[in-house]
Amino acid sequence: MENTDPNGEPILTAANCTYIKKKSEEEMDITGSKLQHIFATLNVVMHEKNAFEFLETDFLLSALGLYVLPQFRGQGLGLELLNARMPAESARWPRPETIPYPNVWKRFKGRKEINGVIPSFWIQDVPEDEFQNVVNCMVERFCTEEPLTKYSGMLKDPKSVEDMRNLWIYMLHNRVGLACYKENSDPRGKPIFAGVNCMHIKKKHEPEYKFSGTTVLQIFGTLVAAANKTDLYEFFGTDAFLSSLGLYVLPEFRGQGIGLEMLLARQEMCKALKVKAAITLFTSTVSQVLAEKAGYNVLNEISYADLRDVYKFDYPGAEEKHKSVKYMYVLYK
């Protein structure tokens, strides 16, 4: 509930614990006798009904408890919480189970020697055990170099940092983020992490992600301005497209062509996933050149001067190195 004190925290009034249940997911091992009794009751209710077959889906939203605090009952909160499930149940794009995960999408040779050898790289889906490492990389490395996050001073805004961490985790769970690894010269060693591209499939009617940080609101306001009121679903003629929120190559691997190869690897992945379009806000001169090489077209361009003077989104220092932000797209046949 909104707090009447503008300096106060929002007031918790109700909660609904839900999660996305996957068809191939193993059942949780329950040891408590009372809890076993409760779940046995649930199984009786579901007797002879395979929910996945009945609903013809590989994913479904399952709930395990809805509670409204007594002092807020009679306000319609229970119904509103149930209604709020509606977009969540159908909004997120599910990766087809027929597509292996994690999958290797591209292999290539680097452009210059490392310790006297031209390195070998590959690009694959970000595995789940790397999610936290990837998010740390994006916050601690990407945000210190990418123009919008760097020149807005986002890292000085704890709420915005928390928002971005949560958003990147949310995106990675879509299982379309890409990681680049270098082959380890030690056959017993682990692959060496070289770069990452955080992406997700944005689906029509998907609820907009909510932010609380002031700086991140400016950054996403910039993204909205760059879209220039274009209905991307109508523009692409599709209900879903690939969206990106950060591509980063570790400094020691720059000059190997990794950035371009990661952009090109999107095409292989999108074709397999039957996704016909990709769009990204490219905010630096270098990334815009790479995007052009990868076949991207400019949907809209806004100079950093106009972002400051017209849209009131200021990125002090960005103009010294970068001219504009470009919202760029590519269509896959």
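Because the structure is predicted, anything quoted here is derived from the model rather than measured.

Caption draft 1: A look at the overall build of the protein. The secondary structure content of the protein amounts to 11 helices and 10 strands. Here the C-alpha coordinates of the protein stretch approximately 65 × 55 × 40 Å along the principal axes. Within the protein, the fraction of its 333 residues that count as buried is 42%. Within the protein, counting contacts between residues at least 6 apart in sequence, those at least 24 apart form 76% of the total.

Caption draft 2: Expanded view of helix α7 (residues 214-227). Given a rise of 1.5 Å per residue, 14 residues ought to cover 20 Å, and the 20 Å separating the end C-alpha atoms of α7 matches this to within 8%. For α7, the buried fraction is high: 10 of the 14 residues fall into the buried class. For α7, every residue scored as buried is listed here: Thr215, Val216, Gln218, Ile219, Phe220, Gly221, Thr222, Ala225, Ala226 and Ala227. Count one or two residues on from α7 and you reach Asn228, which has phi positive near 55°.

Caption draft 3: The arrangement of the packing of helix α9 (residues 258-273) against helix α10 (residues 285-293) in detail. At a minimum axis distance of 9 Å, the contact between α9 and α10 shows a crossing angle of 50°. Overall, the two elements α9 and α10 adopt an arrangement that is oblique. Where α9 crosses over α10, the handedness of that crossing is right-handed. Taken together, the residues of α10 that come into contact with α9 (itself represented by Gly259, Leu260 and Leu263) are Leu290, Ala291 and Lys293. Split by residue class, the contact of α9 with α10 holds four nonpolar, one polar and one charged.

Caption draft 4: Local environment of the environment of Lys274. Among the structural elements, Lys274 can be located in the loop between α9 and β8 (277-282). In sequence terms Lys274 and Pro96 are 178 residues apart; their C-alpha atoms lie 9.9 Å from each other.

Cut-offs and rules
Residues numbered from 1 in each chain as written. Predicted model: local features only at pLDDT ≥ 70, side-chain atom pairs only at ≥ 80, totals over all residues. Heavy atoms only, no water. Helix = DSSP H or I, 4+ residues; strand = E, 2+ residues; numbered from the N terminus. Buried < 20%, exposed > 50% of the residue type's maximum accessible area, 1.4 Å probe, protein only. Contact = heavy atoms within 4.5 Å. Expected span 1.5 Å × (residues − 1). Axes fitted to C-alpha atoms, helices over the stretch in contact; angles between N-to-C directions. Parallel < 35°, antiparallel > 145°, perpendicular 65-115°, else oblique. Left-handed = near helix turned anticlockwise from the far one by under 90°. Nonpolar A, V, L, I, M, F, W, Y, C, P; charged D, E, K, R; others polar.

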